Each structure stands twice: as C-alpha cells, then as structure tokens.
Amino acid sequence: MATDVAIYAALVVYLLSVVSIFERSLFASSLAKVAISSSFSSSSSGICFIVLSNLRSLTNCRLTNWLSASNCSNIKLCSFSIEGEGKLSDRSLAAQEQAWEALEKSIIYYHGQAIGTIAALDPDISALNYDQCFIRDFVSSALVFLIKGRSDIVRYFLEETLKLQPKTVQLDCLKPSRGLMPASFKIGSFNGREYLKADFGDHAIGRVAPADAGLWWIILLRAYGIATGDTNLAERSDFQEGIRLILELCLVTRFDMYPMVLVPDGASMIDRRLGLYGHPLDIQSLFYAALRASSELLTPNKENQNIIHAVYNRLGPLLKQLRENYWLDSERLNVIYRFQVEEYGEEALNQFNIYSDSIPFYRLAKWLPEAGGYLAGNLGPSQLDCRFFSLGNLMAIISSLADEQQSHQILNLIELRWSDLIGNMPMKLCYPALEDIEWRIVTGADPKNRPWSYHNGGSWPVLLWMLAAAAKKMDRGELAHHAIAIAERRLTEDGWPEYYDGPDGRLIGKEARKYQTWTIAGYLLAKELIADPSHLKLIAFEPALSTIDESQKSKVESQK
Ligand code: GLC
C-alpha cells in the first residue's frame with residue numbers, strides 16, 4: 001500500500017512536470033512514462049487516467065495513445081502522451097531559425113545553379129572530404145527542399161549525378177562498375193570551366209565503394225515525382241536506363257544464392273570496417289525500398305521487361321527472408337536457442353546453420369523486452385549479427401518491409417530501451433558497441449570507431465528524421481516529439497555535430513564535424529514530418545504490395 005502511494009505521488013509530480021514542458025511548446029506532445037511494477041493493475045491505470053483528465057482540462061490538450069503498448073503482454077511500463085496547442089518554445093524557434101540559415105549556407109552551386117549541399121561547414125577543422133556533396137547525406141536536405149517547393153535543386157542534382165554514373169561494362173578493377181553511383185562529388189574547375197568530380201570510393205578512406213548511393217538515388221527520384229507530380233523526369237530514357245543499371249548491379253547473379261544483396265564491409269553510411277560484409281540490414285532495407293520505388297518508376301515496355309520481372313521475382317523472397325530470418329523477439333530467440341545444427345537439404349529449419357553458442361543469449365534475454373523485437377544486423381552462413389542497427393530497422397518500418405506487428409515491436413523496443421537507444425541524443429547508429437577483443441578484431445582496432453564512438457555505438461542526429469517518419473507512420477508520434485525535444489536541447493548549443501559519443505550519447509563526437517548538414521536537415525525534416533504527416537508519402541510505402549505488383553505485372557505481360 002505504502003509503495004502504491006509512493007508510486008502515485010511520483011506519478012503526479014512527474015505529470016505536472018510534463019505539463020509544464022507541454023505548456024511551452026506548440027504542436028508539442030510530451031511522453032510521460034511511469035514505471036509500474038509487474039503487477040500493473042487497473043487501479044493504477046485508473047488513477048493515471050483521472051490525473052490525466054484533470055491535466056487535459058488544465059492544458060486544453062488531447063490525450064493520445066493511452067497505454068500505447070497495452071496490447072502487449074507483461075507490460076511494465078505505462079505510457080501515454082498528450083498533444084495539443086501551447087506556445088512554441090523559444091528553444092524550438094531558435095533552433096529552427098538557426099537550422100534554416102545553416103542549411104541555406106550549405107548549398108553549393110554548379111554553373112550558377114543550386115545542385116546540392118556540402119557535407120559540413122565546420123569553420124574550425126580541415127574539410128577533408130566534408131567539402132563534398134554526398135548522395136546519402138543530400139537525401140535529408142533534398143526531402144526538406146521538396147517539402148518547401150524548391151524542387152529545382154533536387155531535379156538538377158538528380159540530372160547531374162545521373163551523368164556521373166558509368167554506363168559501359170568495365171572489366172577493369174580500377175574503374176567504377178557500370179551502374180555504380182558515386183558516394184560524393186565536388187565541383188572542380190579546368191581552364192575556368194566548372195566540372196563535377198565524382199568519388200566512387202576511389203578517394204575514400206579504405207577505398208570503400210558505396211552500395212547505398214544508387215539505392216538512395218532511386219528512392220529520391222520517386223520522392224521528387226510524388227512531390228512535384230512531374231513524372232516526365234523519371235520517364236525520360238536516360239533516367240530509365242539509370243534505374244536499370246543500378247538495379248542490374250544489385251540483381252546480378254553472384255557467388256551466393258540468397259535474395260539479399262551481397263556487399264563488402266563499409267559500403268554504406270558506415271564507410272569503415274565494422275563487421276558488415278555480406279548482407280547487412282541497412283543495405284537490405286534500402287534495397288527493398290529501392291525495389292519498391294523502381295516497380296513504380298519503371299515504364300512497362302520491352303526494354304524494361306526483364307528488369308521488371310527481376311524486380312518482382314526478388315521482392316517476395318527478400319521480404320520473406322528479412323521478416324522471418326532476420327527477425328528477433330523473445331519467441332524467435334527461443335527457437336534459435338534450441339536450433340538443430342548441421343542440417344542438410346531443403347527442409348532444414350536452421351537454414352544458415354547458426355550455432356547457438358554464437359548468440360549472446362544471456363544479454364539478449366535480459367535486454368529484449370517481451371513487447372519488443374527487431375531485425376538483426378546481418379545474416380549469412382553461421383552468422384547472425386544480433387546488433388541493433390537503427391537505419392535498417394527504421395527504413396524497414398517506413399518501407400513496410402517490416403509488417404505491422406513487427407513495426408510496433410521495433411518502436412516498442414525503442415520506447416522501452418529509450419536510455420540505451422536514444423539517451424541524451426537520438427539516436428544510436430547501432431547497439432551495443434563492439435568492445436575489447438571484438439573491437440580489435442572486427443574493426444582492425446580503428447581508433448575512430450572505438451567503443452561507443454562514431455559508427456561503433458555513437459549517436460547520429462540525422463537518424464532523427466527516420467525515427468520521426470517511422471513513429472508517425474505507425475501513429476506513435478509521441479515518440480518522435482519526445483526525441484525531437486531531446487535533440488533540440490543540445491543541437492544549437494553544440495553547433496549541430498555530426499555525431500555524439502558515449503553509451504548515453506552525452507559527449508560531442510571526438511572527431512565530429514560541427515555544422516554537419518544532414519544533422520541540420522535531419523532535424524528540420526523531422527519537424528516538417530511531425531507538423532504535416534502528409535509529407536510521409538514522399539518516403540513511405542504502403543504495405544499492399546501484391547495489388548500494385550499484379551497491376552504492373554499485367555501491364556508488362558501485355559507488352560510481350
Ligand atoms: C562520414 C560518414 C558518412 C557520411 C560522410 C559525409 O564519412 O561515415 O556516412 O556520408 O561522413 O558526411
């Protein structure tokens with residue numbers, strides 16, 4: 001009884017502080033969480049409700065998502081949110097003003113026309129390759145520009161980067177492969193004439209080529225069409241060829257027989273060795289989204305016939321493989337724990353011959369909440385990488401690669417493991433970090449990727465927009481509001497760093513650039529998506545894949 005009174009008293013104090021935060025923000029919501037013992041009872045929910053009802057009349061707000069996770073068993077967390085109109089906080093206003101100004105400054109011009117944004121504009125550190133426009137980095141800026149009606153920048157970017165894509169077969173390892181999109185480009189000048197100088201990884205640290213650039217390019221081309229209604233651009237024959245060549249590079253038969261795309265380590269935003277060779281989730285999620293986008297963008301004609309067939313043939317098996325074999329939740333953990341090994345033939349349940357001893361069951365069983373789940377980081381022969389990768393999981397929700405229940409479970413995990421995955425800065429690029437001997441062997445003892453730094457368990461504010469999009473898509477906007485509020489507290493004061501370090505994301509990244517453009521654009525994009533969720537259509541995909549497929553498929557059949 002005494003404990004109950006203490007819990008309720010704490011609850012009231014907490015709620016009052018939530019309201020005071022709420023009153024200072026416009027269109028803000030605050031997430032209130034109360035840890036309740038495992039014997040969470042209806043009377044405690046009743047009291048929460050009464051307190052909240054009173055707060056509603058006080059603040060003229062509306063209660064949303066009451067007990068958002070109440071459909072899940074064994075809930076130990078009572079979670080609710082309030083949304084409504086208050087005053088826009090000074091902090092939020094200042095942050096947005098500063099961000100718009102910084103984004104404007106980051107724009108680069110080619111032949112007098114805006115073509116992209118520079119990676120970072122840090123006045124205090126040497127630029128290295130941060131003076132370039134990275135394709136992956138530009139996506140956040142591009143989506144903001146599309147939302148704000150500045151589609152001319154995005155169009156020019158798409159047109160000019162397409163020209164950088166090699167179009168002929170290369171049997172020369174020193175040249176970029178046909179279809180590869182560059183990681184980045186910068187503007188050079190020769191005899192007073194400007195030209196674009198592409199980097200396909202040939203100048204990057206470790207000489208890593210980007211597998212994600214082409215996939216993002218296709219996803220962005222679709223967003224451009226949706227935002228502007230201009231389908232002519234994607235229908236142009238050079239654009240159709242560009243899409244085909246990117247897809248051919250991904251769909252080509254190689255030395256494996258999986259539906260996932262096979263990539264080397266460091267072929268994504270994690271452009272250093274981090275144990276990601278093979279079939280990393282981040283790339284598979286982007287691959288799925290790019291396949292879905294291509295199925296909309298490719299004109300059904302004779303020339304595209306084979307590639308469209310290949311796209312449809314790949315979508316189903318890819319979806320199944322990821323939803324089934326990458327998935328980790330309590331139930332699945334039990335199955336893997338008791339896996340038979342060394343099975344031979346098509347009926348094998350443990351298709352990848354995962355040895356139970358390779359999975360950190362003790363840690364996972366403690367960490368993974370009953371209501372949560374996620375897609376594992378990588379899958380291959382005797383390999384299941386159980387690290388949580390944010391980009392892959394969030395893009396899986398956004399693209400509907402994860403089904404509805406899985407999407408909620410991923411968001412439950414983020415909510416219930418908030419201090420691990422969000423902490424002081426949204427959000428961890430991967431969790432947990434590789435430490436000690438694992439860090440030494442897997443990263444090659446990379447000092448930039450030491451435990452809880454940079455890619456190895458660092459926190460990247462750019463991921464905020466993907467979190468906002470995923471949360472809003474699943475009608476759980478309170479998660480996004482809460483994450484944005486946390487980011488707002490730090491970003492302006494800290495000068496928009498590229499990443500944060502430490503298990504809880506408290507430290508500005510040791511070698512982080514300041515005024516990193518995708519940090520700035522990611523924040524603005526998250527704000528735009530929350531303010532007007534109709535913008536989600538630029539990036540999100542509906543789950544009803546089969547019907548879209550069938551109509552497209554029949555169009556192709558009729559061309560034969
Ligand atoms: C770093 C990041 C990469 C990013 C680039 C430019 O190399 O690892 O993901 O694209 O900086 O910001």
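The coordinates are above.
Please read all numbers here as calculations on a predicted model, not as lab measurements.

Draft legend 1. Geometry of the overall build of the protein. Each helix and strand in the protein was counted, giving 20 helices and 14 strands. Roughly 24,000 Å² of accessible area belongs to the protein as shown, and the carbon and sulfur atoms make up 53% of that amount.

Draft legend 2. Here's a closer look at the pattern of salt bridges. Tallied over the full model, the rule gives 21 salt bridges. Put simply, Glu-324 and Lys-320 hold a salt bridge, and the shortest N to O gap is 3.2 Å. Linking Glu-324 with Lys-320, this pair stays in helix H10 (residues 305-325), spanning 4 residues, or about one helical turn. A relative accessible area of 48% places Lys-320 in the partly exposed class. A salt bridge links Arg-450 to Asp-501; its shortest N-O distance comes to 3.9 Å. One end of the pair, Arg-450, is in the loop between helix H16 (436-443) and helix H17 (463-473); the other, Asp-501, is in strand S13 (residues 500-501), and 51 residues separate them in sequence. Since its relative accessible area comes to 30%, Arg-450 is described here as partly exposed.

Draft legend 3. Inspection of the side chain of Gln-406 at higher detail. You can see Gln-406 is positioned in helix H14 (residues 404-416). Apart from residues lying up to four places away in sequence, Gln-406 is in contact with Arg-323 and Trp-327.

Draft legend 4. Region of the structure containing the site of the ligand. All residues in the neighbourhood of the ligand are listed as Ala-119, Tyr-130, Phe-134, Arg-136, Asp-137, Met-269, Asp-271, Tyr-454, His-455, Glu-498, Gln-516 and Trp-518. Measuring from an oxygen atom of the ligand, one finds a backbone N or O atom of Met-269 at 2.7 Å. Interatomic distance of 3.3 Å between a side-chain N/O atom of Tyr-454 and an oxygen atom of the ligand. About the coverage of the ligand: the protein hides 96% of its 310 Å² of free accessible area. Considering only residue class, the shell around the ligand consists of 6 nonpolar, 2 polar and 4 charged.

Draft legend 5. Quick look at the sheet that holds strand S10 (residues 373-380). On the basis of which strands lie adjacent, the open sheet formed by 4 strands has the order S9-S10-S11-S12 and antiparallel pairing. Both outer strands of the open sheet, strand S9 (327-329) and strand S12 (430-431), are each paired with one neighbouring strand and no more. Both S9 and S10 contribute to a ladder of 3 bridges, which runs antiparallel. In the sheet register, Leu-328 faces S10, and the bridge partner there is Tyr-374. Against the sheet, H10 touches S9, S10 and strand S11 (383-389), its axis set at about 25° to S9.

Draft legend 6. Quick look at unusual backbone geometry. Here Pro-426 and Met-427 are connected by a cis peptide whose omega angle stands at -10°. Within the secondary structure, Met-427 sits in the loop between helix H15 (418-421) and S12. Backbone torsion omega between Tyr-431 and Pro-432 reads -5°, so that peptide bond is classified as cis. Positioned with a positive phi, Trp-496 is a non-glycine residue whose angle comes to about 50°. With respect to the helices and strands, the residue Trp-496 is situated in the loop between helix H18 (477-494) and S13.

Draft legend 7. Representation of helix H3 (residues 90-105) within the structure. With 16 residues, H3 extends 23 Å between its outermost C-alpha atoms, agreeing within 8% with the 22 Å of an ideal straight helix rising 1.5 Å per residue. Inspection of H3 places Ser-92, Ala-95, Gln-96, Ala-99, Ala-102 and Leu-103 among the buried residues, and these make up the whole buried set. Down the axis of H3, the buried set is contained in an arc of 135°. They therefore lie on one face. Away from the buried face of H3 by more than 90 degrees, exposed residues Asp-90, Glu-97 and Lys-105 are located.

Draft legend 8. Broad picture of the packing of helix H4 (residues 135-147) against helix H5 (residues 151-164). Two numbers describe how H4 lies on H5: the axes approach to 8 Å, and their chain directions differ by 150°. Taken together, the axis directions place H4 and H5 in an arrangement best described as roughly antiparallel. The segment H4 lies against H5, with Ile-135, Phe-138, Ala-142, Phe-145 and Leu-146 engaging Ser-151, Ile-153, Val-154, Phe-157 and Thr-161. Classifying every residue of the contact of H4 with H5 gives 8 nonpolar, 2 polar and no charged.

Draft legend 9. Fine view of the pairing of strand S7 (residues 184-190). For strand S6 (residues 133-134) and S7, the ladder comprises 2 bridges, and the chain directions are antiparallel. Across the sheet, the residue bridging to Cys-133 is Phe-185, located in S7. Here S7 pairs with strand S8 (residues 193-199) via 7 bridges, running antiparallel. Following the sheet pairing, Ile-187 is matched in S8 by Leu-196. The loop that links S7 with its antiparallel partner S8 comprises 2 residues; one of these, Asn-191, has a positive phi angle of about 50°.

About the cut-offs
- Residues numbered from 1 in each chain as written.
- Predicted model: local features only at pLDDT ≥ 70, side-chain atom pairs only at ≥ 80, totals over all residues.
- Heavy atoms only, no water.
- Helix = DSSP H or I, 4+ residues; strand = E, 2+ residues; numbered from the N terminus.
- Areas by Shrake-Rupley, 256 points an atom, 1.4 Å probe, with all protein chains shown as cover.
- Salt bridge = Lys/Arg side-chain N within 4 Å of Asp/Glu carboxyl O.
- Buried < 20%, exposed > 50% of the residue type's maximum accessible area, 1.4 Å probe, protein only.
- Contact = heavy atoms within 4.5 Å.
- Near = heavy atom within 4 Å.
- Polar contact = N/O pair within 3.5 Å; in protein donor to acceptor, adjacent residues only side chain to side chain.
- Nonpolar A, V, L, I, M, F, W, Y, C, P; charged D, E, K, R; others polar.
- Pairing = 2+ DSSP bridges.
- Axes fitted to C-alpha atoms, helices over the stretch in contact; angles between N-to-C directions.
- Expected span 1.5 Å × (residues − 1).
- Arc of directions from axis to C-beta.
- Parallel < 35°, antiparallel > 145°, perpendicular 65-115°, else oblique.

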